[in-house]
Amino acid sequence: MTQALHPATDRVEPFPSPPPSCWERLTRLAPHRLAAIEACLMPAPHALPAGVVGRGMDLERLQALAQDLVPALVPPALQRASASRQLGHLGGRLCAEAAMAAASGRRVGIGIGIDESGAPLWPADVVGSISHTRGGAWACAGPRPAWSMVGIDSEWLADADAVRSIVELCCTAGERRRWFPPAPDPLLATLLFSAKESVYKAIHPVVRRFVEFDEVELVALDAGRSALRLRPVPGGPLAARFDGFALTAVVAGDQVHTALVAGA
């Protein structure tokens, strides 16, 4: 389970102007390490449609290669953050820029800003999302106007304490009755939490506000647990704007990866 609710936001001071590309700054600071850092990139494990590109990065490998460079590559507001916080931010941005470049077929000259809520501020012609876990960072990007909303999330399988927190704090009363009997399933709890995070990240650029976990609810889950459907709670503030949300899920060992991608 993530350490903070709705980790799509970076919770740092706004940085609305597009920053320089992290990859270009790396090229200037340490050109001899660039190839090794690029080799850390891998396809993201999320199930994404053609045209939306996902990239991931092992943060332990990034730390070994660029630990001394990280402070110079994160926003000023993160200079006093923990080393792990800085590393996760940089890894997410490197993945995001690589995904943008692959999706557009051209070199990315600018980075990703931070809006007034702390969420990633993507270039106007791109829709994307970033996720972090302990030890990993992932991002996906696709071109506008082909895609209107994108949200991804990755989580380690919830332990017993996290499962209790998810059921008590992140579920509607209806979800608790329908999906969680007296002995809740850790995988289902993790899927539900991750799916709600993906929904939040996808709709945040549209609604421009914090969305509570009980504003959306899980209404369908396929037998293989690779697809979920969530909807706004009837009568709630999101019901007039969205009919529902179809998400994909990938379970890889002890990790869960969810994605919501909507076309124009």
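See the structure printed just above.
One structure accompanies this document, and this report is about it. What you are looking at is a predicted structure, and each value in this text was computed from that prediction instead of being measured.

### What to know about the side chain of Ser21
Following the sequence through the fold, Ser21 ends up in the segment before helix 1 (22-29). Separated by 3.2 Å, the side chain of Ser21 and the backbone nitrogen of Trp23 make a polar contact. For Ser21, the side chain forms a polar contact with the side chain of Glu97, separated by 2.7 Å. Leaving out residues up to four positions away in the same chain, Ser21 has contacts with Glu97, Val108, Gly109, Ile110 and Gly111.

### Concerning the packing of aromatic side chains
Per the stated rule, a full pass over the model turns up three aromatic pairs. Plain terms: the ring middles of Phe193 and Phe213 are 5.6 Å apart, the flat faces sit at 25 degrees to each other, and that makes the pair stacked. Taken as a pair, Phe193 in helix 8 (residues 186-207) and Phe213 in the loop between helix 8 and strand 8 (216-221) lie far apart in primary sequence, 20 residues in all. Across this residue pair, the class does not change: Phe193 and Phe213 are buried. With 5.3 Å between their ring centres and 45 degrees between their planes, Phe242 and Phe245 make a pair best called tilted. The buried category is assigned to Phe242, whose relative accessible area is 11%.

### Some details on the environment of Ala47
Structurally, Ala47 is set in the loop between strand 1 (41-43) and strand 2 (53-58). Classification of Ala47 as partly exposed rests on a relative accessible area of 33%. A sequence separation of 195 residues divides Ala47 from Phe242, and the C-alpha atoms of the two residues are 22 Å apart. Among residues more than four places away in sequence, those in contact with Ala47 are Thr248, Val250 and Ala259.

Reading guide: rules and limits
Residues numbered from 1 in each chain as written. Predicted model: local features only at pLDDT ≥ 70, side-chain atom pairs only at ≥ 80, totals over all residues. Heavy atoms only, no water. Helix = DSSP H or I, 4+ residues; strand = E, 2+ residues; numbered from the N terminus. Polar contact = N/O pair within 3.5 Å; in protein donor to acceptor, adjacent residues only side chain to side chain. Contact = heavy atoms within 4.5 Å. Phe/Tyr/Trp six-rings, centres within 6.5 Å; stacked < 30°, edge-to-face > 60°. Buried < 20%, exposed > 50% of the residue type's maximum accessible area, 1.4 Å probe, protein only.

Everything listed here is a matter of coordinates, which is why it stays silent on function.
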